[in-house]
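Summary of the model geometry
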Amino acid sequence: MHNWKLIAQARGIAVSPEEMERLAGVLDALEAAWAPLRELAPHETEPAVAYRVSRQEPRA
């Protein structure tokens, strides 16, 4: 799996350790869920993967 903390730092995204722990689990699960789909793409196709994370305020 990816080192999400290192990726966030490289992109200049400030994430607290608590947020990173929560996000890493979700991102790992998404990556695992999408992994079988990679085999469906033609091998000559360039991968174009982008993850966007937006902050959401807790609902009251």
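Residues numbered from 1 in each chain as written. Predicted model: local features only at pLDDT ≥ 70, side-chain atom pairs only at ≥ 80, totals over all residues. Heavy atoms only, no water.

In this section: the overall build of the protein chain. Scanning the protein chain from terminus to terminus reveals two helices and zero strands. Over its C-alpha atoms the protein chain spans a radius of gyration of 14 Å, topping by over 25% the 10 Å that the globule rule assigns to 60 residues. Each of the 60 residues in the protein chain was classed as buried or not, and the buried ones make up 10%. If you sum the accessible surface of the protein chain, you get close to 5800 Å²; carbon and sulfur atoms cover 56% of it. Across the protein chain, the mean location of the 7 positive side-chain charges is 7 Å away from that of the 9 negative side-chain charges. (Helix = DSSP H or I, 4+ residues; strand = E, 2+ residues; numbered from the N terminus. Rg over C-alpha atoms; globule rule 2.2 N^0.38 Å. Buried < 20%, exposed > 50% of the residue type's maximum accessible area, 1.4 Å probe, protein only. Areas by Shrake-Rupley, 256 points an atom, 1.4 Å probe, with all protein chains shown as cover. Lys, Arg positive; Asp, Glu negative; His and termini not counted. Charge placed at Lys NZ, Arg CZ, Asp CG, Glu CD.)

Below, the discussion takes up helix 2 (residues 17–38). With 22 residues, helix 2 extends 30 Å from end C-alpha to end C-alpha; this agrees with the ideal 32 Å at 1.5 Å per step. Of all the positions in helix 2, only Met20, Ala24, Leu27 and Glu31 are classed as buried. Packed against the buried residues of helix 2 are helix 1 (4–10). (Expected span 1.5 Å × (residues − 1). Contact = heavy atoms within 4.5 Å.)

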